[in-house]
Amino acid sequence: MTTAPQSAPQPEPLWQPGPDRIAGAQVTRFHTWAAAHHGAPAPTPGDPATSYAALHRWSVDDLPAFWQATAEWFDVRFATPYDTVLADRAMPGARWFPGATLNYAEHALRAAQDPARAGDPALLYVDETHEPTPVTWADLRAQVGSLAAELRRLGVRPGDRVSAYVPNIPQAVVALLATAAVGAVWTSCAPDFGARSVLDRFQQTEPVVLFTVDGYRYGGKEHDRRDTVAELRAELPTLRAVVHIPLLGTPAPEGALNWSDLTSNDTEPVFEQVPFDHPLWVLYSSGTTGLPKAIVQSQGGILLEHLKQTGLHCDLGPDDRFFWYTSTGWMMWNFLVAGLLVGATIVLYDGSPGHPDISAQWRVAEATRATVYGTSAAYVMACRKAGIHPARDLDLSAITCVATTGSPLPPDGFRWLHDSFAESGADLWTASVSGGTDVCSCFAGAVPTLPVHIGELQAACLGTDLQAWDPQGKPVTDEVGELVVTNPMPSMPTRFWNDPDGTRYHDSYFDMYPGVWRHGDWITVTSRGSVVIHGRSDSTLNRQGVRMGSADIYEAVERLPEVRESLVIGLELPDGGYWMPLFVHLAPGATLDDALRDRIKRTIREELSPRHVPDDIIEAPGVPHTLTGKRIEVPVKRLLQGTPLDKAVNPGSVDNLELLRFYENVARDRAADHAQ
Ligand SMILES: CC(=O)CC(=O)O
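Residues numbered from 1 in each chain as written. Predicted model: local features only at pLDDT ≥ 70, side-chain atom pairs only at ≥ 80, totals over all residues. Heavy atoms only, no water.

Looking at an unreviewed UniProt entry, one finds the protein named Acetoacetate-CoA ligase, with Streptomyces angustmyceticus as its source organism. We quote the UniProt Sequence similarities (unreviewed entry) comment for the protein here in full: "Belongs to the ATP-dependent AMP-binding enzyme family." (UniProt positions renumbered as here; feature names shortened; annotations may be inferred.)

Novice: I'm lost on the pattern of salt bridges in this one. Help?
Specialist: Pairing is possible between side chains of opposite charge, provided their charged atoms come close. Scanning the entire structure with this criterion turns up 27 salt bridges. For the salt bridge of Arg-518 with Glu-482, the shortest nitrogen-to-oxygen distance reads 3.1 Å. Of the two residues, Arg-518 is situated in strand S28 (residues 517-525) and Glu-482 in strand S26 (residues 480-485); the sequence distance between them amounts to 36 residues. Considered together, Arg-518 and Glu-482 belong to a single accessibility category, that of buried residues. What emerges from the salt-bridge pattern is a single network uniting Arg-384, Asp-412, Arg-415, Glu-555, Arg-559 and Glu-607. (Salt bridge = Lys/Arg side-chain N within 4 Å of Asp/Glu carboxyl O. Helix = DSSP H or I, 4+ residues; strand = E, 2+ residues; numbered from the N terminus. Buried < 20%, exposed > 50% of the residue type's maximum accessible area, 1.4 Å probe, protein only.)

Novice: Is there a simple way to think about the packing of helix H2 (residues 26-37) against helix H4 (residues 63-73) in this case?
Specialist: Close contact between H2 and H4 brings their axes to 11 Å; oriented N to C, the two are set at 115 degrees. Viewed along their axes, H2 and H4 form a crossing whose handedness is right-handed. Of the residues in H4, those in contact with Gln-26, Arg-29, Phe-30 and Trp-33 of H2 are Phe-66, Ala-69, Thr-70, Glu-72 and Trp-73. In terms of residue class, the contact of H2 with H4 is built from 5 nonpolar, 2 polar and 2 charged. (Axes fitted to C-alpha atoms, helices over the stretch in contact; angles between N-to-C directions. Left-handed = near helix turned anticlockwise from the far one by under 90°. Contact = heavy atoms within 4.5 Å. Nonpolar A, V, L, I, M, F, W, Y, C, P; charged D, E, K, R; others polar.)

Novice: Hey, could you run me through the site of the ligand in this one?
Specialist: The full set of residues close to the ligand is Trp-330, Met-331, Met-332, Thr-405, Gly-406, Ser-434, Gly-435, Gly-436, Ser-441 and Lys-630. Here an oxygen atom of the ligand and a side-chain polar atom of Thr-405 are 3.4 Å apart. Here an oxygen atom of the ligand and a backbone polar atom of Gly-406 are 3.2 Å apart. In isolation the ligand has 240 Å² of accessible area, and contact with the protein removes 94% of it. Within the residue set of the shell around the ligand, elements represented by two or more residues are helix H12 (331-337) and strand S21 (434-436). The element best represented in the shell around the ligand is S21, accounting for 3 residues. (Near = heavy atom within 4 Å. Polar contact = N/O pair within 3.5 Å; in protein donor to acceptor, adjacent residues only side chain to side chain. Areas by Shrake-Rupley, 256 points an atom, 1.4 Å probe, with all protein chains shown as cover.)

Novice: For this particular structure, what's the right way to read the UniProt feature "domain: AMP-binding enzyme C-terminal" (unreviewed entry) in the protein?
Specialist: Mapped onto the present numbering, the UniProt feature "domain: AMP-binding enzyme C-terminal" (unreviewed entry) falls at residues 555-630. Taken end to end, residues 555-630 comprises 22% helix and 26% strand; its first and last C-alpha atoms sit 14 Å apart.

Novice: Just checking my understanding: could you explain the packing of helix H8 (residues 195-205) against helix H9 (residues 226-235) for this structure?
Specialist: The description of two packed helices rests on the angle between their axes and on the distance between the axes. The N-to-C vectors of H8 and H9 enclose an angle of 30 degrees; their axes lie 10 Å apart at closest approach. Between H8 and H9, the angle falls in the class roughly parallel. Between H8 and H9 lies a crossing whose hand is right-handed. Along its contact with H8, which presents Ala-195, Val-198, Leu-199 and Gln-203, the element H9 presents Thr-228, Glu-231, Leu-232 and Glu-235. (Parallel < 35°, antiparallel > 145°, perpendicular 65-115°, else oblique.)

Novice: Looking at this structure, how should I read the sheet that holds strand S19 (residues 401-405)?
Specialist: Strand pairing within a sheet occurs via backbone hydrogen bonds; the two strands may be parallel or antiparallel. What the 7 strands build is an open sheet, ordered S5-S4-S17-S16-S18-S19-S20; its pairing is mixed. Every other strand in the sheet has two partners, leaving strand S5 (133-136) and strand S20 (429-432) as the edge strands with one partner each. Each strand axis lies, on average, 20 degrees off the axis of its neighbour in the sheet, ignoring direction. Note that strand S16 (residues 321-324) and strand S17 (residues 345-349) share 3 bridges and pair parallel. Along S17, the bridge assignment pairs Arg-321 with Thr-345. The strands touched by helix H16 (residues 411-422) are S19 and S20; relative to S20, the strand with the most contacts, the crossing angle is about 160 degrees. (Pairing = 2+ DSSP bridges.)

Novice: Explain the UniProt feature "domain: Acetyl-coenzyme A synthetase N-terminal" (unreviewed entry) in the protein here, please?
Specialist: The UniProt feature table records "domain: Acetyl-coenzyme A synthetase N-terminal" (unreviewed entry) at residues 52-108. Secondary structure over residues 52-108 splits into 46% helix and 12% strand, and the C-alpha atoms at its two ends are 28 Å apart.

Novice: I tried to follow the sheet that holds strand S35 (residues 581-586) on my own but got confused; where do I start?
Specialist: Read across the sheet, 3 strands follow the order S32-S35-S36 without closing on themselves; strand pairing throughout is mixed. Two strands close off the open sheet at either side, each with one partner strand: strand S32 (563-568) and strand S36 (616-619). Geometrically, the sheet is characterised by an average inter-axis angle of 25 degrees between neighbouring strands, direction not taken into account. Against the sheet, helix H18 (residues 550-557) engages S32 and S35, with an angle of about 160 degrees to S32.

Printed below as a string of C-alpha cells:
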C-alpha cells in the first residue's frame, strides 16, 4: 500500500508539552506510583518519550499488573473481590476479574458524595440558545436514585434491556445511570434516526422499557417525532413501559409514564453489584450492509477502560469540563459520560454544529468554559474552510486540549487548530484519536506528556498492543499494515447480542489473524511510536497490486476550496481491469470544468503519487454517510458493481438514501455504455 509521503525520520513536532504540564499530568503520577507498587519500569527523568514507551511496553507485556494498577489507582470499588485479574487471555473469550462484583453507576456518581462538590455541576446542558443549564452532582444522584427505584418497581431486573430514543440531554445521562444502577442493559438511538433504523437495532435487543422524547430542536427548527414513537411502540412488543420526556412540551401519549413523576422522589440510589462482565450496554455498528452488529460491553470492562482513557489519556479530573460534540447514537456519547467517572463536569450540547453558524460548537465551548473539547475531524476542516478564527473571536482561554475523531484529522487540520490558538497566544494540545464502537474507546490517541506531530496520533494507548501487520501477520514499522491488537482489552465486546454461537463476533474481528483483533483500518506505526490512520481496509483502493488509502485522497482533494466533499471508489472489473472514479461534491458556485479537473489531478499527483490520480472525476450531488457521519464507501462500490440498491445497502443506515440513487444511475449508465 502506498500512502501520503511519510514524515521525515525526526520531524519537528507541531507541539510539545511544557515541563509543568508533563509534571502535572496524571499519567506521570500514575507512572511513578506504578513503578513503586506494581513493577512498572521507573520513569526516565527528563525524557517523557522514553518514559511513555517503557510504561506502554510494560502495560502490554504485563497486562494483569497494568490493569490491577489501574483499578487501584482509580480506587475501583469491588463489592466482592476478584480471584485474579485475567483468568483467560484468549480472544475472543478473555475472562477479566472473575469473582469481582461492582457497579458502573456507583463510580459515575462518586463525586456527588463529596460535600464540597455536591453543589457543583455534574452536567452542563446546552441547547441552541447556547445558554448552559447546570445539573448538580447532588441533583444527578437524586434523580438517578429515584429513577432506579421506579425502574425496579416496574419490574426491571438485572439483564433486562432499557432503550432510549432521546437526544444528548441530561435525561439521557440520568436514564443510563439508573439503568446501570439496576444492572439492566442500556441501549440508545438518537431521535434523528428514522423508525426503521431504530427498529433494526432495538428489535434485536428486545427492550422492556423505552425512554422517548416527543421531538427535538435542531438547526432552529422543531422536529416532531411522535409518529415515529408510536411506530416504535407498535413494533416493540417486549415493551412493558414507555417514559415520555416532553422536550417539545406535549402531553404524554396514552399509556406512557411522565419523566418528572419518575425522577422527583429524592431516593438514595441502590447500586446492584453485578459481575465484572455483566452487560452495561449494547452499542451498534453502522450496519450499512446488513443488520447493525449489537455489540455488548461489560460494566467492569467499560469502567476500567474509560477510567484509563479519561484519567490517563485525556488527563481529565474534577477541575475539568469535558465537552464532546456527539449524539446518543454514537459511542462518543458513552465516552463523554465517562468524564463523570473521574469527577469532571460533562457538557451536553443538543443542537446543530452549524446553527446559527459554523461557530456553534466553539460558542458552546466558550459558554461552558470547556477545558477539553472533542469534535469530529470533519467539523475542524469545515471551520478551516469557512475561515473562522474561534480562538481570536471568542474567549476559549479555558481550553487546553482539542481532540478529534470520526476520521483521520488531515495535516491542514492540525496546522489550523494549532495556528488559530497560537495567534491568540494559547498553547493548544491537539489530539487526534482513533478507536471505534467495537471497543467504545481509542486504540491510539491522546498522551498529555508526548509531542504532537502533524498528521499523527501521539501513541498507542496503555494496555493496547497496537500493531500494523502485513498479510502474513508480520508486524511492520514505518509501513502501512492492518490495524491489529494482539492482547485483549477489557472493553472488547463480551459478545454480540443476537449471535448465540458467536460466529458473527468471531468473523467480525478474528477471521484474518486467528486469536488477534483485526479492526479493519490501515495504519502506520512509526519508529517514534506515533500512529497514522489511512482509512478503512475493507474499502482499500488496489491498483495493479498497489494499495492506497482513500483518506489520503480525501485529504488532498478537499484542500481545494471548490471541493466540499469527495468519495473515491476502486472497482475490480470483470475483464481484469480497474476503475477508480472520484466523486466530488462541489462548493456553492464552483463548476467542474477542465481547469478544475486538471487542478484536482495535479494536486493528487503532486501530493500523493501518479498512481493515486483517479480515472474519472464525476460531479455528485452529495456524499452519503452513515448515521454517525462516516462516508459510505463499500455500499457505493457494490452499487457501481451492479448490485441493486436494496441489496447494496441497508436503507436505515444512511443519512440520505436519495443520494444513493445518483450512484445507482452512474452504474446503470456505465453498464449501458459498455453494452453498446
Ligand atoms: C474513537 C473513534 O474511533 C470514534 C469513531 O470514529 O467512531
